[in-house]
Amino acid sequence: MQLLYCDESNMEDRPGDFLIYAGIVIEGSRARSLSSAIDTILREAQVPRDFRYKFAPGPGNLDHQEFIAVKEATIRASIDHGAKLLSYVILHDIAANPDLARRNGINAVCMHFNAILNRSEDAGLVLIDRFNDAGN
């Protein structure tokens, strides 16, 4: 079974900025190993367990270059575990509104995940952090 973990970034409607909706695809049998590898990377870098890892700046104990190295190690671990990145990027100046852009991002990423599942003849599960769309 393939897993797709999704999230968005830059929901604030700012001219000249992009909304990003992306997901990481990983074979279910490799997900635990990747999670353990990331835990090890963060523990060795002494990143606090409650730190919001996807945001910058990094934790106070790491300078900017050290934090970049931690994120690069995470990306390398993801590649080593066969993870794939699916993404949707749209300029806020083009999007009708952030919620619609997010919904379109979810649809685009899930459509590509469906294509991966069809090619591999495998089942899949999509994990979305939240879905507060009224469906209009």
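All values derive from a computational prediction rather than experimental measurement. Residue numbers restart at each chain and count upward from 1, following the sequence in its written direction. Residues qualify for local features only when their pLDDT is at least 70, as the model is predicted, and side-chain atom pairs are given and counted only at 80 or more; totals for whole chains, interfaces and linings, by contrast, use all residues. Working from all heavy atoms in the structure, the side-chain values ignore hydrogens and water.

Regarding the sheet that holds strand 1 (residues 2-9)
Okay, so step 1: One open sheet holds the 4 strands; their spatial order is 3-2-1-4, and the pairing between them is mixed. Edge positions in the open sheet fall to strand 3 (84-91) and strand 4 (124-128), since each of these has one partner strand only. For this sheet, the mean inter-axis angle between neighbouring strands, taken without regard to orientation, is 15°.
Okay, so step 2: As paired elements, strand 1 and strand 2 (residues 18-27) share 8 bridges and run antiparallel to each other. Bridged to Tyr5 within strand 2 is Ile24.
Okay, so step 3: Contact definition: two residues touch when any of their heavy atoms are within 4.5 Å. Only the contacting stretch of a helix is used when fitting its axis, a line to C-alpha atoms as for every element, and angles between N-to-C directions run 0 to 180 degrees. Secondary structure follows DSSP: runs of H or I at least 4 residues long count as helices, runs of E at least 2 residues long count as strands, and numbering of each begins at the N terminus. Those strands touched by helix 3 (residues 98-120) are strand 1, strand 2, strand 3 and strand 4, and its axis lies near 150° from that of strand 3. Whether two strands pair depends on DSSP finding at least two bridges between them.

Some thoughts on the pairing of strand 1
Okay, so step 1: Sheet topology note: the strand 1/strand 4 ladder contains 5 bridges and is parallel. Looking at the pairing, Gln2 lines up with Gly124 of strand 4.

A look at the packing of aromatic side chains
Okay, so step 1: Side-chain rings of Phe, Tyr and Trp (the six-membered ring for Trp) are treated as a pair once their centres are within 6.5 Å; stacked means planes under 30 degrees apart, edge-to-face means over 60, and tilted covers the remaining angles. Counted by the stated rule, this structure contains 2 aromatic pairs.
Okay, so step 2: Ring centres of Phe51 and Phe67 lie 5.8 Å apart, and the angle between their planes is 90°; on these two criteria the pair is classed as edge-to-face. Note that Phe51 is positioned in the loop between helix 1 (28-44) and helix 2 (64-80) and Phe67 in helix 2, a separation of 16 residues in sequence.
Okay, so step 3: With a relative accessible area of 23%, Phe51 lands in the partly exposed category.
Okay, so step 4: One aromatic cluster in this structure is built from Phe51, Tyr53 and Phe67.
Okay, so step 5: For Lys71, the ring lying beneath its charged end belongs to Tyr53, and the centroid distance is 5.9 Å. Per-residue accessibility, obtained with a 1.4 Å probe over protein chains only, is compared with the maximum for each type, and a residue is labelled buried under 20%, exposed over 50%, and partly exposed between these values. For a lysine, the NZ atom is tested; for an arginine, the CZ atom; a charge sits over a ring if that atom is within 6 Å of the ring centre and within 35 degrees of the ring normal.

As for unusual backbone geometry
Okay, so step 1: One non-glycine residue with positive phi stands out, namely Gln46, at about 60°.
Okay, so step 2: Among the structural elements, Gln46 can be located in the loop between helix 1 and helix 2.
Okay, so step 3: We classify Gln46 as exposed; its relative accessible area is 59%.
Okay, so step 4: A positive phi is found at Glu121, a non-glycine position, where the angle reads about 50°.
Okay, so step 5: Residue placement: Glu121 occurs in the loop between helix 3 and strand 4.
Okay, so step 6: Here Glu121 falls in the exposed class, since its relative accessible area comes to 74%.

Digging into the side chain of His92
Okay, so step 1: For His92, the location among the structural elements is in the loop between strand 3 and helix 3.
Okay, so step 2: As used in this structure description, the phrase polar contact means that two N or O atoms lie within 3.5 Å; if the pair is within protein, one of them must be able to donate a hydrogen and the other to accept it, and residues adjacent in sequence are counted only when both atoms belong to side chains. At 2.7 Å, the side chain of His92 and the backbone oxygen of Asn10 are in polar contact.
Okay, so step 3: Once you skip the residues sitting within four places of it in the chain, His92 turns out to touch Asn10, Met11, Glu12, Asp13, Arg14, Asp17, Phe18, Leu19 and Pro98.

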